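# Observations on the model geometry
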Amino acid sequence: MAQGGLRFHDLRHSYATWLVSDGVPINDVARVMGHEQISTTLDRYTHAFEAGAQKVRDSFADFPLTFEADEDESAD
């Protein structure tokens with residue numbers, strides 16, 4: 001019986017989708033994902049880009065993924 005919640009595969013899929021939608025070359029995404037055939041990557045992840053890359057970017061807009069230095073630290 002399947003339980004709700006986030007699975008590791010969901011994170012993997014989100015990561016690959018994010019890379020594709022951000023313009024990372026598909027051969028690089030395939031290599032990172034461990035796909036032997038680029039067609040596997042294209043079949044599984046390019047649909048998100050085609051269906052609305054902006055939606056993917058918007059979903060990450062409120063999720064800071066980079067460190068921003070405090071003003072005190074940047075003055076050093």
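Structural notes, computed from the coordinates. These numbers were taken from a predicted model, which means no experiment stands behind them.

## A few points about a nonpolar patch on the surface
On the surface, L6, F8 and L11 cluster together to form a nonpolar patch covering roughly 380 Å² of accessible area. With respect to the helices and strands, F8 occurs in helix α1 (residues 8–21). The exposed category is assigned to F8, whose relative accessible area is 66%.

## Concerning the environment of I26
Secondary-structure assignment places I26 in helix α2 (residues 26–33). Accessibility expressed as a relative area gives 23% for I26, which makes it partly exposed. C-alpha separation for the pair I26 and S39, spaced 13 residues apart in sequence, amounts to 9.4 Å. Those residues in contact with I26 that sit more than four places away from it in its chain are V20, I38, T41, L42 and T46.

## A closer look at α2
For α2, every residue scored as buried is listed here: V29, A30 and M33. One face of α2 carries all of its buried residues, which in axial projection span an arc of 100°. Residues of α2 that are exposed and angled more than 90 degrees away from the buried face: R31 and V32. Directly beyond the C-terminal end of α2, a positive phi value near 80° is found at G34.

## Observations regarding the nonpolar core
Grouped together as the largest cluster of nonpolar side chains are six residues: A16, L19, V20, V29, M33 and Y45. Residues contacting Y45, with those up to four places away along its chain left out, are H13, A16, T17, V20, M33 and H35.

The rules behind each value
- Residues numbered from 1 in each chain as written.
- Predicted model: local features only at pLDDT ≥ 70, side-chain atom pairs only at ≥ 80, totals over all residues.
- Heavy atoms only, no water.
- Patch = residues over 30% accessible without salt bridge, like charges linked within 9 Å, V, L, I, M, F, W, Y side chains within 5 Å.
- Areas by Shrake-Rupley, 256 points an atom, 1.4 Å probe, with all protein chains shown as cover.
- Salt bridge = Lys/Arg side-chain N within 4 Å of Asp/Glu carboxyl O.
- Helix = DSSP H or I, 4+ residues; strand = E, 2+ residues; numbered from the N terminus.
- Buried < 20%, exposed > 50% of the residue type's maximum accessible area, 1.4 Å probe, protein only.
- Contact = heavy atoms within 4.5 Å.
- Arc of directions from axis to C-beta.
- Core = buried A, V, L, I, M, F, W, Y, C linked by side-chain atoms within 4.5 Å.

That is the geometry; function is a separate question.
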